[in-house]
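A structural walkthrough
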Amino acid sequence: QVQLVESGGGLVQPGGSLRLSCATSRIRISSYHMAWYRQAPGKQRELVASITNNGSPNYAESVKGRFAISRDTDKNTMYLPMNSLKPADTTVYHCNAVHILNSGVAYWGQGTQVSVSS
C-alpha cells in the first residue's frame, strides 16, 4: 500500500517558519507530479504549490515569495519550506502525488497541521 507521510507541521508565531516534508517509500516521486494542498474548515481545498516530474514549480498567489516547493528524488521526499507565516496559513496541509502518465493513479497523505498564532 502506497503511503505519503507528511511531517513538519506545528505551532508558530506570525512571521515564523516551518518546513513540511512528504516522504514515501512505495513509489518513485520522479514518476509523479507532486503537490501540496490545504483545506481550512468551511473552505474549498486549495492548491498551495506543485512541482512537476521535471522539477518545475507552481504556486498559489497567496504563498508566492513565502513558500518554496522542492524535492529530493534520491530521498524520495518532497519539501515545503514556509516563511513569513500568517494566521491565514493555519490549516491541515496534505501532499499529493499524481502519476505523470496516468492521472487516475493518485495518492494523498493524511496531512500535517500548521497553526500560526501569537
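Attention in this report is confined to the structure presented alongside it. (Residues numbered from 1 in each chain as written. Predicted model: local features only at pLDDT ≥ 70, side-chain atom pairs only at ≥ 80, totals over all residues. Heavy atoms only, no water.)

For the rest of this paragraph, the subject is the pattern of salt bridges. A side chain with one charge can pair with a side chain of the opposite charge if their charged atoms come near. Within the structure shown, the criterion is met by 4 salt bridges. One salt bridge in this structure joins Glu61 and Lys64, with 2.8 Å as the shortest N-O distance. Assessed through its relative accessible area of 62%, Glu61 is described here as exposed. Salt bridges linked by common partners bring Arg38, Glu46, Arg66 and Asp89 together as one network. (Salt bridge = Lys/Arg side-chain N within 4 Å of Asp/Glu carboxyl O. Buried < 20%, exposed > 50% of the residue type's maximum accessible area, 1.4 Å probe, protein only.)

Here 4 strands make up an open sheet; going across it, the order is S1-S3-S8-S7 and the pairing antiparallel. One side of each edge strand has no neighbouring strand; the edge strands of this open sheet are strand S1 (5-7) and strand S7 (70-72). Strand-to-strand twist of the sheet, defined as the mean angle between neighbouring strand axes without regard to direction, takes the value 20°. (Pairing = 2+ DSSP bridges. Helix = DSSP H or I, 4+ residues; strand = E, 2+ residues; numbered from the N terminus. Axes fitted to C-alpha atoms, helices over the stretch in contact; angles between N-to-C directions.)

Summed over all chains, the structure comprises 1 disulfide. What pairs with Cys22 in a disulfide is Cys95, and their sulfur atoms sit 2.1 Å apart. Across the disulfide from Cys22 to Cys95, rotation about the S-S bond amounts to roughly 55°, and the bridge is consequently right-handed. Taken together, the residues Cys22 in strand S3 (residues 18-23) and Cys95 in strand S9 (residues 91-99) connect sequence positions 73 residues apart. Accessibility classification places Cys22 together with Cys95 in one group, the buried group. (Disulfide = S-S within 2.5 Å.)

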